Each structure stands twice: as structure tokens, then as C-alpha cells.
Number of protein chains: 2
Amino acid sequence: MAEEAAVRAQAETVRRLKQDKADPDEIAKEVAKLLDMKAQLGGDEGKQKFVLKTPKGTRDFGPKEMAIRERAFKAIISCFKRHGAEVIDTPVFELKETLTGKYGEDSKLIYDLKDQGGELLSLRYDLTVPFARYLAMNKITNIKRYHIAKVYRRDNPAMTRGRYREFYQCDFDIAGQFDPMIPDAECLKIVHEILSDLQLGDFVIKVNDRRILDGMFAVCGVPDSKFRTICSSVDKLDKVPWEEVRSEMVGEKGLSPEAADRIGEYVQLHGGLELIERLLQDPKLSQNKLAKEGLGDMKLLFEYLTLFGITGKISFDLSLARGLDYYTGVIFEAVLLQQENQHVEEPVSVGSVAGGGRYDGLVGMFDPKGRKVPCVGVSIGVERIFSILEQRLEASEEKIRTTETQVLVASAQKKLLEERLKLISELWDAGIKAEMLYKKNPKLLNQLQYCEDTGIPLVAIVGEQELKDGVVKLRIVATREEVNVRRESLVEEIRIRTNQC
Amino acid sequence: MAEEAAVRAQAETVRRLKQDKADPDEIAKEVAKLLDMKAQLGGDEGKQKFVLKTPKGTRDFGPKEMAIRERAFKAIISCFKRHGAEVIDTPVFELKETLTGKYGEDSKLIYDLKDQGGELLSLRYDLTVPFARYLAMNKITNIKRYHIAKVYRRDNPAMTRGRYREFYQCDFDIAGQFDPMIPDAECLKIVHEILSDLQLGDFVIKVNDRRILDGMFAVCGVPDSKFRTICSSVDKLDKVPWEEVRSEMVGEKGLSPEAADRIGEYVQLHGGLELIERLLQDPKLSQNKLAKEGLGDMKLLFEYLTLFGITGKISFDLSLARGLDYYTGVIFEAVLLQQENQHVEEPVSVGSVAGGGRYDGLVGMFDPKGRKVPCVGVSIGVERIFSILEQRLEASEEKIRTTETQVLVASAQKKLLEERLKLISELWDAGIKAEMLYKKNPKLLNQLQYCEDTGIPLVAIVGEQELKDGVVKLRIVATREEVNVRRESLVEEIRIRTNQC
């Protein structure tokens, strides 16, 4: 308050000097003084103030968020390992030219590093392009690998909906020349397993094929040169209604209204095997080589998915397009369905949590001789999953532990720091997870309270009498039961009581 | 060869045009053509060629390196958890101003991001400054946390010795106002546990205190203003001999030869409790308040380390200085000792694998009101540890598995793809780690060979007869033994035989 008064007085000084048309240097000096005072006060106008924050679109993960994150990762990694994947890692930045020409219009979202001499570098935009670079560089033609790491996009963040500028991707890819649709089917099985395991609620996995899309564009009368840009328009159908997409096609992109209307009929189709069969008989599509190839493979894919028992959650959807340029075959995207309005006929999708597809040309873009390595893969969008798990945990009021500590080494009397240090050292050396308070003479009540707060289940209490008797008093926090345990049996007793070996 | 001849012919064309003083545009066009041909040929002179590499000072981790990396991480993380640490994560980049003024001369090694509009960002240089920023931002005054993540330094890489521009740090820190030396002793215990657990060979943990160093400088006649720069000189003692350090002090830094010689006497001292006692009696040091404080705490630290039973590997070493500006108390550094020449008296150190210390002022630099949060922490230099583990593994010829697959689903006859898909789906759903070859009709020999190559211990073979009998033939790869297992018992049988539940 005294400071605010001082700022007001200073502002008055400045005002008066200006009014008096005083020496400009004098005014400038007083204005600087005023700004400085405001800055120290932390007011909105103080621009010198150091801002204590993380960069836009990023966040810290505290212990609680990390506990949730590790739960999700555990489910995802154990699925990837169940399917026999190896793991790799690549640097967070790549040579700028490695990323050039891979992302179409999205390239503007790439973070570049400052030119400080030496190579020009960019932060990775996804894990797929670094994977392709890795394969070409090491001449690997056959691998099944996962990669979990952060990627970077200078996008408009929407953090409450789990959209960040720094975010994790969890990628699983199969590279190699194999018989059609077997690896593709496994990718869909993986999405199904992970989403089921995480219990995120009902979901549907939309499937399509770039070849079907291209064939469809051809028979609808889209000129070859407009395939990619019309595909981008179709990709918006999950966010905006058809009318808007149509007017973009006709208005901005110069497509004939007739062609747009023909596309409009196809993109509202979705279904299963029977739709595939129907389209295979479609008088126009069946005449198009690409569409026929795509539909044939789609049929095979559905046969394999039937064997996996997961067609109930799969929808062949002609409106699915996927943004990225590099896809060449099957594409897919998993969306969670709204929970609340289960009475409505058509459940509303609340957002994509996984996506992927086949990209048979990307590795060849890096190979000096253009040798191709066919690839198919899936990326789990784990930030949105974190958001959902966080919200759910908050709602459930479940208390989540952020440490795994089994026992607190405590004392009831003073002058037992040395004894606590000796005992905790024994426990650590035996592999027991143990903590103690970093106080010479902590109060017993504070030590017990610490266990309550952090969920530590056991307290090992040393005291004069116990030391004489060669025992330690073990207290079970939940029941307040106390038992004397012989010192040489303590480790075993803690293991049994916490079920950890 | 034909291409090379074409390049030569083109070069001849260019030469002739130049000789004839032809139209400059014509010459430029032909030169461009020549460069293009050379680029396509991939010769040394072709500068258009795309370079397939990772950025300088970085590397990929393939499946084998990842398996080793995960072994090291597992040992480190389980130690951190044993000591009750929570885990946090922070963004890979920070606001540039967050890093400003924290690293002294090393600031020039910070990677900046390009200004693409918006905030100015830099890649993190270590995990300590982001941790301090996190504490101040969230007003946390009390936490024990670990953080394992990559940090970035535009240093001269020496990759064979494990020095990279992108590298992992594994940090454990204790923040809070506690009784002296208890958390500090725990940090040293942690280093001791991790290095013992990883079996990296003999090691020593050097310990010193910034207050002892400053006190020593004072009594040696170093002016206050030169403390930090003389400290930097002392820090070089692990790499260069005293004579060089002395001439830097006297020559470059203008210290009097007498002061340098006095320092020279102190910095050759190293030992244990008896050295601390002796220095506490030192007529000069004992008169210096800072040195006395530091020595008193060092004595206390050694008492605690005695209770932990680890003083055998601890050396109080007056030449240890540590580079970073922010340390305020105890500092330490663990070095591995040479294995080969065990007959030499003084084992030669082969490099630092862990380091840390107390930094009581750093959080206050971020707090708007300058509130201090005392901290002490340790950082494990895990890249050098990876290098050692990699070299050892290579020497041992131990075959390291890069997947955890328990069983390969195979078939001996043709036309059994559907049956393999059905069976593998059952196994995945039961949590068994299973693979199959992505071929319609793979040869049995190829399937068995795949198991040999990748270390898969079991093969589940489906065949016409087995299907009729309701059994699966389970083959144990190591012994070539084959047993028929009833289909409903297969999961259990695989679990038992691979000891995984």
C-alpha cells in the first residue's frame, strides 16, 4: 500500500513535469523511475518483470501427473512389447533438411533452432520421419519397433483439451515387405487393445484407404492435380459440416459443383464388410484400378479383423482422410464416443486418440538410391488420454500415491538420529524402499502424519528399550497395530507386509 | 561409369564455352547442369547432396543400445525410488531468460531456438535450473524428486568417451530446510549404491565444500573479487597438472605467486576424518569463519557416512571445485578408477560419472520475493556409464535380447494363416507376448530360424492334425523338445515355461 502510494506520487510528478513542459531529459528520467517502481510493484504495466512460467503450450508434470502418465505409458508399452516390438530412440532435433518436404502445409509449424554456427537444426515434428531417416541411414529393411518421445509443433495450443506444443507420441511401426494387410491388421488390434485396457469408454476406429480416396476423387471428376488439396478438405469433415467443406471445394479450390456433390454422396458412407462388397460392385468405383485395389485390401483387412474379433469397433468410413502427405494405403483413426448422451442414436465423437496408416514411400525419400521400405504404423495420442485420466481421477477422489516407500524409519525419543541412520542404511542395502525425516529430533506425531499424508504403510520405530532388546517396533499405519520384530527379521517382515520382494 | 563419362563431357563443354567467351548466360546454364550431374553422382564436389545423418554430437539408440540403456535406467530409478523420491518432468525448452545468468561462462553452450515470433526459448542446459524454476513457480518448499531427461550443450563432442551434445541426466534432489548434512549424506549414499549396483569397477567419490574453498582462498591471499575465477582454475586440476593451473592463476588471472603457492599446498591434500581434524586445527583456516563452518559440516558429514558404512570410497579432496556457479556448500564428484594397472600405487581416474552439491541460493533467484529454498542434489552422468556397459557387453559376447516375446505362433503347413491369426489373438488377449511371421505361408525352417535369431524360447505350432485334436504343438527352442498341449491349457503352459505371469 505504501508502495502504491509512492507510485501514485511519482506519476503525479511526471504529470506535473509534462504539464510544465519541463526539460525532456528530466521527464524521461522521472518516467523511467515510475516504470521501475511499477515493475517492482508487479503491476500490469511493469514490463521489466521476470515472468515465472513455462513456454506457451507446454507444462510441467508434477508428481501426481507423472503417476498418471506412468500408468498410461505402462499400459501402452506392455501392449507394444506383447506384440514383440523392439524400442529405439532418436535425437530431439534433426537436420532441418531431414524434415523439409515431408509435412505439406504443416511445415510452418516446425520449430527451428537458431543458427549459432554449424548445422541448421529443427525440433522433430513427429516420430515417423525420424524413423524413416533411421531406417534409410542404417539400411534396415525389416523391423518392428516402438518409440515413445516428445514431439514439437508451433500450433495454437488448447491445453484443456490436451493439445500442446510439446507433447508425447507413442508410435508402433512395422517396416518390411510382407503379405498384404497382416501388419496393418495388427496395428488396428493394438489400438483396440490399448483403448480397451485404458478403459477410456466406448470408441470407434475409423478405417479408410488413400487408394480408395484417390479412386473416388477420380470417378467423381476431380482433376489429378487437385487430389491432395481436395483430400485436405475432406479431412475437415470430422470438425465442420459437409456444407462448409463443399463450399471450400467449390469456392476456394475451384472444383465443379457436380464433382463436389458426387464426393458428398460417397463421404457420408460408413459401415463394414457389406459396404465394402457394395462398393466393389459400384459401377464407377469398380472401374477404377486404385479404388479396386484399395477395396480388395480393405476386404482382406476386415477378414483378418474378424479373426481378431474386433470388427465391432471398426468402421470403414469414406470421410476419413488424415492430414499428412506421406500415407499411401490404409489409414485409420480412433475416436472416443461421448459417454453422457447414450440415448442419442448417433454417438458424438469427442476427439481422436490414435491414428496411423501405411506409408510405403517415405523411407525411399531418404535412401540415396530411392529403395523403398513399406511401412505401416500407429501413433497413440497420449496427451488427450492423460487429460481424460486426470479428470477421471479428480472426479473419483481416489488418492494416488506418488512414491513407493514401504517404511518410514522413525524414533519416539530424542538423540536417536544415529540409530535411525544405521537402520535405514541396512534397509536400503537390503532393497527396502525407506524414508526418514531429515530432522535430528522429529516428533513422533509428525512422523506418523508424514505417513498418513504420503501413504507409507509401515513405520519402523527405534527406541532405547527396543535397541536393548534387539528389536524394532513395526507399526501398521492403517490399523495402528504395533508389533515388535527382531532386527534380523525386519527386512523379511516388511517384504511380507508390503507384498514386495 | 557412364555417368562419370557424362560429367566429364559436360565439364569439357563448360571449358570450351568459357574459352570461346560464349554468352555468360549460356555458360551459367551449362555450369548449373554440370553441378547437378555431379550432385547426382554423389561425388565430393556435389554440394547439393542430401546428407543422411543425425546432428553433430547426437546419436540414435538402436534396439541393442536401448536394451543397455534400460538396464542402467532401471538400476538408477530403483535406487531413486528406494529413497522415496517422487518424479517430475519439465519441458525440453525454457524461456531464454530462465536460463540467463545461471551458468557463468558456460552460457555460450546453450542452444537457442530461432525467433519465429512469440517467446524467446532455449533448450535446457541441465535439470537443476528447471527444477529451481519449478519450485519457485509452484511455491514448493519441500520435495524429494528425481528427473531423468535429456539436456543440451553446444560443446565439442567426444562421442567415444561418452560426451555428446544431447545427453541424459539422471537427477535426484532434496529441497527443504532441514538439519545439516542429513540430506547431503543421503545423496552420497545414493551415488555409492548406484555405482556399486551397476558394477562399473572401483570408484572414489571426492567431496569438498565451497565454503572451505572460499575460506582457503581468503587465507591464501586471493582477493574476494577473484574467488570465482580462481575456483574455475582449481576445477581444471583433474585434467591438467598443477604447474599449468598455477601459471594460469598467476599469468592470466593476475594472482600473486605467493598466493598461488599457498593454494598449491592446500589443493594437494586429500584424506578422511583425520584430515578434517587437522585442518580444523590449521592456524590459518581455523581463523576463517567460512572455512570453519565448512569443515565443521564436513566432519558431521563423515560421521553420517561412517554410519552408512561408505567412507571407504569417500575422499575429502581440497582440489575438487566443480564448474557451476550455483553451488554454495558441499560439492562432490564420483570418478571411476582405472582397472588395468592395479599394480600402480595411485590409481588413475578415467572420468567423472556422477556429481552434485548443495545450491541454497538458486530457487531464490526465481522467487519474486527472493525466498530461499535450500537444495542438495546429485546428477548421474549416464552416457559415460552407457559407453562402459556397451564396451563390456561387446567384450563379453553375451547375446542381449531386444524383445521379450515368449512364443512364436507358427505353422508347418500351408493355408493356415487364419488359424495362426486366431491363435495369436487368443494369446495376446491373455497377455502372452507373441509374434508371428507376416507371411501367408512361411516355411517352418524360417520360423524356427527367427526364434534362434531373436531368442524367442517357445514355438506354438498349429497344423491340420493338431486342429482336429484340439491341441497345439509347443516346441522348446533350446532343447528342440516338442509337446502337444491342449488348446485351453496353452496360455498356462507358456506362462510356466517362461516364468512370466
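Residues numbered from 1 in each chain as written. Chains lettered and ligands numbered in written order. Predicted model: local features only at pLDDT ≥ 70, side-chain atom pairs only at ≥ 80, totals over all residues. Heavy atoms only, no water.

## Re the overall build of chain A
Worth spelling out the cut-off: Runs of E in the DSSP output that reach at least two residues are strands. Runs of H or I that reach at least four are helices, and both are numbered from the N terminus. Values of the radius of gyration come from C-alpha atoms, whereas the globule rule sets the reference at 2.2 Å times the count of residues to the power 0.38. Burial status follows relative accessibility: with a 1.4 Å probe on protein chains alone, a residue under 20% of its type maximum counts as buried, one over 50% as exposed, and anything between as partly exposed. Only heavy atoms enter the contact rule, under which two residues are in contact if any of them lie within 4.5 Å. Every accessible area reported is derived by Shrake-Rupley at a probe size of 1.4 Å, with residue values counting cover from the shown protein chains alone. All tallies of charge rest on Lys and Arg as positive and Asp and Glu as negative; His and the ends of each chain are not included. Where a charge lies is defined by one atom per residue type: Lys uses NZ, Arg uses CZ, Asp uses CG and Glu uses CD.
For chain A, the helix and strand inventory stands at 18 helices and 16 strands. For 501 residues, the compact-globule estimate of 2.2 N^0.38 gives 23 Å, and the C-alpha radius of gyration of chain A, at 31 Å, exceeds that figure by more than 25%. Taking the principal axes of its C-alpha atoms as reference, chain A extends roughly 90 × 85 × 55 Å. Burial analysis of chain A (501 residues in total) assigns 53% to the buried set. Of all intrachain contacts in chain A linking residues separated by at least 6 positions in sequence, the fraction that spans at least 24 positions is 66%. With the model as given, the accessible surface of chain A reaches about 23,100 Å², and the carbon-plus-sulfur share is 49%. When the 76 positive and 81 negative side-chain charges of chain A are each reduced to one mean point, those points stand 3 Å apart.

## Some words on the packing of helix α6 (residues 182–197) of chain A against helix α15 (residues 417–429) of chain B
Note the cut-off: For helices, the fitted line uses only the C-alpha atoms of the stretch in contact; every axis is such a line through C-alpha atoms, and the angle between N-to-C directions lies from 0 to 180 degrees. When describing relative orientation, an angle under 35 degrees is termed roughly parallel and one over 145 degrees roughly antiparallel, while 65 to 115 degrees is termed roughly perpendicular and anything else oblique. By the definition used in this description, the sense in which the near helix is turned from the far one sets the handedness, with an anticlockwise turn below a right angle giving left-handed and a clockwise turn giving right-handed.
Two elements in contact, α6 of chain A and α15 of chain B, have axes separated by 12 Å at closest approach and are oriented at 20°. In terms of their interaxial angle, α6 of chain A and α15 of chain B are classed as roughly parallel. Once α6 of chain A is placed against α15 of chain B, the crossing between them reads as right-handed. Where α6 of chain A approaches α15 of chain B, its residues Ile182, Glu186, Lys189 and Glu193 of chain A are matched on the opposing element by Leu417, Leu421, Ser425, Trp428 and Asp429 of chain B.

## Considering the side chain of histidine 192 of chain A
The residue histidine 192 of chain A is located in helix α6 in this model. Beyond its immediate stretch of four places on either side in the chain, histidine 192 of chain A contacts Phe203, Ile205, Ile310 and Lys313 of chain A.

## With respect to the interface of chain B and chain A
How we decide: The quantity reported as buried area is the accessible area (1.4 Å probe) lost by two parts once they are put together, taken as the sum for both. For this classification, the nonpolar set comprises Ala, Val, Leu, Ile, Met, Phe, Trp, Tyr, Cys and Pro, the charged set comprises Asp, Glu, Lys and Arg, and every other residue, Gly included, is treated as polar.
Contact residues are listed per partner, giving 91 residues for chain B and 91 residues for chain A. Across the chain B to chain A interface the summed buried area is about 8,200 Å²; carbon plus sulfur atoms make up 59%. Ranked by the residues each element gives to the side of chain B that touches chain A, the list is headed by α15 of chain B, at eight residues. Class assignment of the residues belonging to the side of chain B that touches chain A gives a composition of 43 nonpolar, 16 polar and 32 charged.

## Digging into the relation of the copies chain B and chain A
We count it as follows: Least squares is the method used to superpose the copies, on C-alpha atoms of residues holding a pLDDT of at least 70 in both.
When chain B is brought onto chain A, the operation consists of a screw motion whose angular component is 179° and whose axial shift is 0.1 Å, with 0.5 Å RMSD remaining. Both copies are brought into coincidence by an operation consistent with a two-fold rotation axis.

## Observations concerning the packing of aromatic side chains
Basically, it comes down to this: Only centres within 6.5 Å qualify two rings of Phe, Tyr or Trp (six-membered ring in Trp) as a pair; their planes then separate them into stacked at under 30 degrees, edge-to-face at over 60, and tilted for everything else. Placement of a positive charge over a ring is assigned whenever Lys NZ or Arg CZ falls within 6 Å of the ring centre and within 35 degrees of the normal to the ring plane.
The tally for this structure, following the rule as stated, stands at 26 aromatic pairs over all chains. With centroids separated by 5.1 Å and ring planes inclined at 65°, the aromatic side chains of tyrosine 438 of chain A and phenylalanine 178 of chain B adopt a geometry described as edge-to-face. Of this pair, tyrosine 438 of chain A sits in the loop between β13 (434–435) and α16 (444–454) while phenylalanine 178 of chain B sits in the loop between β5 (166–175) and α6 (182–197), on two different chains. Comparing tyrosine 438 of chain A with phenylalanine 178 of chain B, the two get one shared label, buried. Taking 5.5 Å as the distance between ring centres and 35° as the angle between the ring planes, the aromatic pair formed by phenylalanine 80 of chain B and phenylalanine 172 of chain B counts as tilted. Highlighted residues: phenylalanine 80 of chain B in helix α3 (residues 63–82) and phenylalanine 172 of chain B in strand β5, separated in sequence by 92 residues. With relative accessibility at 0%, the residue phenylalanine 172 of chain B sits in the buried group. By way of ring pairs, the aromatic residues Phe61, Phe73, Tyr168 and Phe386 of chain A are connected into one cluster. Geometry around tyrosine 125 of chain B places arginine 153 of chain B over its ring, the cationic atom sitting 4.0 Å from the centre.

## A few points about helix α18 (residues 490–498) of chain A
All names here are of chain A. Selection criterion: The directions considered for the arc are those from the helix axis to the C-beta atoms.
Restricting attention to buried positions, one finds in α18 the residues Leu490, Ile494 and Thr498. Buried residues in α18, looked at end-on, bunch into an arc of 55°, giving them a common side. Next to the buried residues of α18 lie β12 (407–411), α15 (417–429), β14 (458–462), β15 (471–476) and β16 (482–486). Positive phi shows up at asparagine 499, right after α18, with a value of about 55°.

## Description of the confidence of the model for chain A
All names here are of chain A. The condition that has to hold: The score called pLDDT rates the predictor's confidence residue by residue, from a low of 0 to a high of 100.
Predicted confidence across chain A gives a mean pLDDT of 90, with 91% of residues reaching 70 or more. Under a pLDDT of 50 for its full length, residues 43–48 has, in the predicted model, five contacts with residues more than four places off or in other chains. Overall fold confidence for the complex sits at a pTM of 0.87, while the interface term, ipTM, reaches 0.86.

## Thoughts on the nonpolar core
Our working rule: By convention a nonpolar core is built from buried Ala, Val, Leu, Ile, Met, Phe, Trp, Tyr and Cys residues, the set being connected through side-chain atoms within 4.5 Å.
Ranked by size, the top nonpolar core spans 262 residues in total, and within it Ile263 of chain A together with Ile263 of chain B carry the most contacts. Contact partners of isoleucine 263 of chain A, with chain neighbours within four places excluded, come to Met216, Phe217, Cys220, Val222, Ile230, Val234, Trp242, Met249 and Leu255 of chain A.

## Some words on helix α14 (residues 382–396) of chain A
Because an α-helix completes one turn every 3.6 residues, residues spaced three or four positions apart along the sequence face the same direction. Residue and element names in this part refer to chain A. Where we set the bar: Take the residue count of a helix, subtract one, and multiply by 1.5 Å to get its expected span.
An ideal rise of 1.5 Å per residue puts 21 Å on 15 residues; α14 measures up with 21 Å between its terminal C-alpha atoms. Of all the positions in α14, only Val382, Glu383, Ile385, Phe386, Ser387, Leu389, Glu390 and Leu393 are classed as buried. Two residues or fewer past α14, glutamate 397 is found with a positive phi of approximately 60°.

## With respect to the packing of helix α9 (residues 242–252) of chain B against helix α10 (residues 257–267) of chain B
Residue and element names in this part refer to chain B. Interaxial distance between α9 and α10 falls to 10 Å at its minimum, and their mutual angle equals 145°. By crossing handedness, the relation of α9 to α10 is classed as right-handed. Where α9 abuts α10, its residues Trp242, Arg246, Met249 and Val250 lie against Pro257, Ala260, Asp261, Ile263, Gly264 and Val267. When its residues are assigned to classes, the contact of α9 with α10 shows seven nonpolar, one polar and two charged.

## Quick notes on the pattern of salt bridges
Residue and element names in this part refer to chain A. Test applied: A side-chain nitrogen of Lys or Arg and a carboxyl oxygen of Asp or Glu constitute a salt bridge if their distance falls within 4 Å.
Applying the stated criterion across every chain yields a total of 76 salt bridges over all chains. With a shortest N-O distance of 4.0 Å, arginine 59 and glutamate 383 are connected by a salt bridge. Here arginine 59 is found in the loop between α2 (24–41) and α3 (63–82), whereas its partner glutamate 383 is found in helix α14, with 324 residues between them in sequence. Both residues of the pair, arginine 59 and glutamate 383, count as buried. For lysine 313, the salt bridge identified is with aspartate 202, shortest N-O distance 2.7 Å. Placement of lysine 313 in the loop between α12 (289–308) and β8 (314–317) and of aspartate 202 in the loop between α6 and β6 (203–209) is noted, with a sequence separation of 111 residues between them.

## Observations concerning the side chain of aspartate 317 of chain B
With respect to the helices, strands and loops of the structure, aspartate 317 of chain B is situated in strand β8 (residues 314–317). Not counting chain neighbours up to four residues away, the residues in contact with aspartate 317 of chain B comprise Lys206, Val207, Asn208, Val267, Leu269 and His270 of chain B.

## A look at the sheet that holds strand β16 (residues 482–486) of chain B
Residue and element names in this part refer to chain B. Test applied: Two strands are counted as paired when DSSP detects at least two bridges linking them.
With mixed pairing, five strands are arranged side by side in an open sheet as β13-β12-β14-β15-β16. Strand pairing shows two members of the sheet lacking a second neighbour, β13 (434–435) and β16, which therefore form its edges. In terms of strand pairing, strand β12 (residues 407–411) meets strand β14 (residues 458–462) through five bridges, oriented parallel. Across the sheet, the residue bridging to serine 411 is valine 462, located in β14. Most of the contacts of α15 go to β12, to which it runs at about 160°, and overall it touches β12, β13, β14 and β15 (471–476).

## A few points about the environment of arginine 487 of chain B
All names here are of chain B. Selection rule: Each polar contact in these results corresponds to two N or O atoms within 3.5 Å; when the atoms are within protein, one needs to be able to donate a hydrogen and the other to accept it, and residues that are neighboring in sequence are counted only if both atoms are side-chain atoms.
Summarising the element assignment, arginine 487 is placed in the loop between β16 and α18 (490–498). Other than its neighbours up to four places away in sequence, arginine 487 contacts Glu419, Lys422, Leu423, Glu426, Leu467, Gly470, Val471 and Val472. A distance of 2.8 Å separates a polar atom in the side chain of arginine 487 from a polar atom in the side chain of glutamate 426.

## Quick word on the sheet that holds β15 of chain A
Residue and element names in this part refer to chain A. Pairing is mixed in the open sheet, where five strands are placed in the order β13-β12-β14-β15-β16. Among the strands making up the open sheet, the edge pair consists of β13 and β16. Direction of pairing for β14 relative to β15: antiparallel, over a ladder of four bridges. The residue of β15 that forms the bridge with leucine 458 is isoleucine 476.

## Here's the deal with unusual backbone geometry
All names here are of chain A. For glutamate 397, which is not glycine, the phi torsion reads 60° and is therefore positive. Positionally, glutamate 397 belongs in the loop between α14 and β12. In this model, lysine 415 sits at a positive phi of 60°, which is unusual for a non-glycine residue. Relative to the helices and strands, lysine 415 resides in the loop between β12 and α15.

## A short note on the environment of valine 407 of chain B
With respect to the element layout, valine 407 of chain B can be found in strand β12. Excluding residues within four positions of it along the chain, valine 407 of chain B makes contact with Leu427, Ile432, Lys433, Ala434, Glu435, Ile456, Leu458, Val459, Ala460, Leu474 and Ile494 of chain B.

## Remarks on the pairing of strand β5 (residues 166–175) of chain A
Residues and elements named next belong to chain A. Judged by how many residues are buried, β5 sits mostly within the fold: ten of ten residues are covered. Side-chain alternation along β5 places Glu166, Tyr168, Cys170, Phe172 and Ile174 on one buried face and Phe167, Gln169, Asp171, Asp173 and Ala175 on a second face that is also buried. Direction of pairing for strand β4 (residues 143–152) relative to β5: antiparallel, over a ladder of ten bridges. From the neighbouring strand, alanine 149 faces β5, where its bridge partner is glutamine 169.

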